[in-house]
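# Per-entry structural report
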Amino acid sequence: ASAKGNPTVKMVNFTIDQLREIMDYKNNIRSMSVIAHVDHGKTTLTDSLVSRAGIIANARAGDACYTDTRKDEQERGITIKSTGLSMYFDYEMDAAQKKIQANLARSSAEEDAGADISTTEETPAADAADTPPAAEEGAVTIGANSFMINLIDSPGHVDFSSEVTAALRITDGALVVVDTIEGVCVQTETVLRQAISERVRPVLMVNKVDRALLELQLPAEELYQAFNRAIESVNVVIATYNDEAMGDLQVDPTKGTIAFGSGLHQWAFTLKKFAKLYSQKFGIAEDKMMNKLWGDNYFDQKGKKWVKKPGDQDLTRCFNQFIMDPICTMFDAIMNDKKQKIAKMLKAVGVTLKPDEKDLVGKPLLKRVMQRWLPASDAVLEMIVVQLPSPVIAQKYRTAALYSGPADDEAAMAMRNCDTSPEAPLMMYVSKMVPAADRGRFYAFGRVYSGTIRTGQKVRILGPNYEPGGKTDLWVKNIQRTLIMMGRTQEQVQDIPAGNTCGLVGVDQYLLKSGTLTTCETAFPIKTMKFSVSPVVRVAVAPKSSKDLPKLIEGMKRLSKSDPMVLCYTEDTGEHVIAGCGELHLEICLKDLQEDFVGAEVDIGNPIVSYRESCSEESSQTCLSKSANKHNRLYVIGYPLGEDMSKAIDDATVDPRGDPKIRGRYIADNFEGWDVAEARKIWGFGPDGAGPNLFTDATKGVDFLMEIKESCVNGFTWATKNGPMCDEQIRGCKFALQDVTLHADSIHRGMGQIMPVARRVCFAAMLTAAPVIYEPMFIVDISVPQDAMGGCYGMMSQRRGHVFDEEQQPGTPMMHLKAYLPVSESFGFNSDLGKATGGKAFPQMSFSHWAVFGGSPLEEGTKANIAVLDTRARKGLTPEIPPLDRYLDKL
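This section reports on the structure supplied with the text. (Residues numbered from 1 in each chain as written. Predicted model: local features only at pLDDT ≥ 70, side-chain atom pairs only at ≥ 80, totals over all residues. Heavy atoms only, no water.)

### Quick notes on unusual backbone geometry
Positive phi is not limited to glycine here, since Lys208 has a value of about 60°. Inspection of the secondary structure puts Lys208 in the loop between strand E5 (201-207) and helix H7 (209-214). Despite not being glycine, Arg800 shows a phi value in the positive range, around 60°. With relative accessibility at 29%, the residue Arg800 sits in the partly exposed group. (Helix = DSSP H or I, 4+ residues; strand = E, 2+ residues; numbered from the N terminus. Buried < 20%, exposed > 50% of the residue type's maximum accessible area, 1.4 Å probe, protein only.)

### Let's talk about the side chain of Thr696
Following the sequence through the fold, Thr696 ends up in strand E28 (residues 693-697). By relative accessible area, Thr696 is classed as buried at 0%. Setting aside residues no more than four positions away along its own chain, Thr696 makes contact with Trp674, Glu678, Lys681, Ile682, Trp683, Lys734, Phe735, Ala736 and Leu737. (Contact = heavy atoms within 4.5 Å.)

### Some thoughts on the sheet that holds strand E20 (residues 537-543)
Here we have four strands laid out as an open sheet, ordered E21-E22-E20-E23, and antiparallel in their pairing. Both edges of this open sheet fall to strand E21 (567-570) and strand E23 (602-609), since each of them pairs with a single strand only. When strand polarity is set aside, the average angle formed by the axes of neighbouring strands in this sheet is 25°. Both E20 and strand E22 (residues 576-580) contribute to a ladder of five bridges, which runs antiparallel. If you follow Val541 over to E22, its bridge partner there is His576. Set on the sheet, helix H17 (residues 549-562) makes contact with E20, E21, E22 and E23; between it and E22 the angle comes to about 20°. (Pairing = 2+ DSSP bridges. Axes fitted to C-alpha atoms, helices over the stretch in contact; angles between N-to-C directions.)

### Quick notes on helix H22 (residues 709-721)
Taking 1.5 Å of rise per residue, 13 residues should cover 18 Å, and H22 covers 18 Å from first to last C-alpha, within 8% of that figure. Considered for burial, the residues of H22 that qualify are Ser711, Cys712, Val713, Gly715, Phe716, Thr717, Ala719 and Thr720. For H22, the elements touching its buried residues are strand E26 (633-640), strand E27 (682-686), E28, strand E29 (733-741) and helix H23 (751-767). (Expected span 1.5 Å × (residues − 1).)

### Quick notes on helix H5 (residues 161-169)
Most of H5 is tucked away, with nine of its nine residues classed as buried. Buried within H5 we find Ser161, Ser162, Glu163, Val164, Thr165, Ala166, Ala167, Leu168 and Arg169.

### A short note on the side chain of Ser711
Looking at where Ser711 falls in the secondary structure, it is placed in helix H22. For Ser711, a relative accessible area of 5% corresponds to the buried category. Ignoring any residue separated from it by four or fewer positions in sequence, one finds Ser711 in contact with Met751, Ile754, Met755 and Ala758.

### Regarding the pattern of salt bridges
Here the structure, examined in full by the defined rule, presents 15 salt bridges. Close ionic contact of Arg760 with Asp889 constitutes a salt bridge, the shortest N to O distance being 2.9 Å. Placement of the pair is Arg760 in helix H23 and Asp889 in the segment after helix H26 (863-875), with a sequence separation of 129 residues. Between Glu825 and Arg800 there is a salt bridge; the shortest N-O distance is 2.8 Å. You can see Glu825 sitting in the loop between strand E32 (814-822) and helix H25 (829-837) and its partner Arg800 sitting in the loop between helix H24 (789-798) and strand E31 (802-808), a full 25 residues away along the chain. (Salt bridge = Lys/Arg side-chain N within 4 Å of Asp/Glu carboxyl O.)

Geometry only, nothing functional implied.
What follows is the structure, encoded as structure tokens:
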């Protein structure tokens, strides 16, 4: 490093023992994920850190894509699975940076009022304060300046956003990468929203600055504006989803939470780097200098003073004058091969080239010089170490959002303090399964929140459906091995303490995709992850020869383990169905299934789209159904719920499992047509007790009503799971129970009598209320140059899509189109769009909402009717839609 006051940084090639040793310093651990829109350069940026840790050679960094471990990832050049890495770095913080960490600790301690602030000030954890003496000459000593970074590189494609959620769950900080030229895109916004809802702290990297300088040849002022636009739009997203518990999350260059640079050329800087240089030159404090280097600050050379306006002399902004101009000049000199100027500038910035690098010209030379002058790993590392919280700090505010039990029980307290003492209870969350080398097995990858996980330890494994005190989804087993995940390799260690990510062997037999491991008998499980996409695209698979059926079923089990989002199940008709959240996702899943998990040929059917059944107006009559023994009658009216209410239930703003009184008040205040009395008498939600359908009690003074409540709700749930028209789920219906006539003898009004009636009467109420079919819609985001826009509109109108928003990106000829497209029409859309626009358009699709499908499904010849009949034929039901009198009885 040059002598200009840079923190001394030495290259470290670490051993596993040293890695294990640093795990005990819980204040010196940083867990972070790299998130961004597709192709904004996450994996490339990760390379700079990997090369800095000495895992790959410096020369290859930038095109090695170390974290793309799978073969198809390397071929397509996209990340598909999120990959975990643990690395070791030395970094010396100066006083100002220690203060930032202390502030982070303080704000989280205020959140957690019980914590004693003084304990968070010491850097190494007290129980590991005595550092071991250095072994031999040149060995790594582990002390207050050693940092362990658990990094997860995540995919950017919207189809894989479930991988991002899994990565965010087990990290405390996120490095958001934004492309200077494209700015903030849809997916950037989605992943930021996910990050903040998981209470993960963001820092920003503005990437691909080299493109702005080389391809667009932007002058410094326009660059500043482009940076500013990107930063503002990120801050807008952050402000929209801000979470009080984490304090202020806004990113700001003067605070050191933003880096600018290029992942491909491996260079980046934060304002701190330049503030250090110039603060010595001007003799002013570093933090003052940092504020001057951004925003509307100008330096008047003649009067030797700082001014706020460019004034008459047309001064250049400080950021441009002191930072961008030198960089632009360097680029210009090297690309135009001005030898003397290059030599002079290299001397000025203190970069010396090795003899074999002197002959380089053009881009290779540029890369080498920038790498030496402003190494990317330093800037990124500085942000990670200084701006992101350690597990000790982060778990104080994250525990409330993670833990499903009470906030003051033993497990919650241990998680909040990130407790590593020997008697602390173990709490660990497994967020995904990573396929092991020997095809059949999986490593469970997750993070330890408290206690220590050891090889051979006996733990309670809690699945997602575990109820405290119950026996479902609970196994008490031993852990076979604990591993440190290192991207392409795994290293075995004896134990792993809290705050770290780790891999486990031998848990995959019990957990399907995710779950909690604990040693505390009273512990509640950690909350299951909420995904921002849902699997709406399905295909049926069958083995080529029937003797391979067991192989296929085994393969599907493994597939559903390997991906957090994919659903594999068997229909009643005996079809094996795989559901994914988009074409690309499905394609990757099926490829995995055939090549890795089955090993035999598989027939893949046509894509299937799931519909939802609903009603569009109030029932035309009060519907009556009698029980099998003709002694009990139920009277019900059906109503549509309205899209707002259905969405509120989906997002759990109306919480199906919450307190009925509070929920009733909320519904009455926010949705029209509800009064408090009725809203508090919601008997149940369906399907699965949490779906967007309601069963309410509108009866007056009926005897024995509470006895049949359970039976009615069960019948209603059954009805909403398989609707009357084509056996699909019902969505957005409200069934109000008007009156009940019951048999006086309790034996004649048991579950077997009431439940089928409740189901039939719900069907009748729905069929009399102008039934409709909902189909799933994708929201498509297309970035396309203006000259190719016609092709996009043409493609949309062919496929029943409609464009509802278009905007031009400032400073570029690119247009952003947003459109809705029915999922059933989306197959092959990407390739067709490519043909129509000459490959210039880049679409991104994700599930948006359910929309009413054309016409009434009960009239012949309408689109909806055809869809219903197709679905019935596929499911092997009777070809005609059941008539109303099958469900509606006469008095």
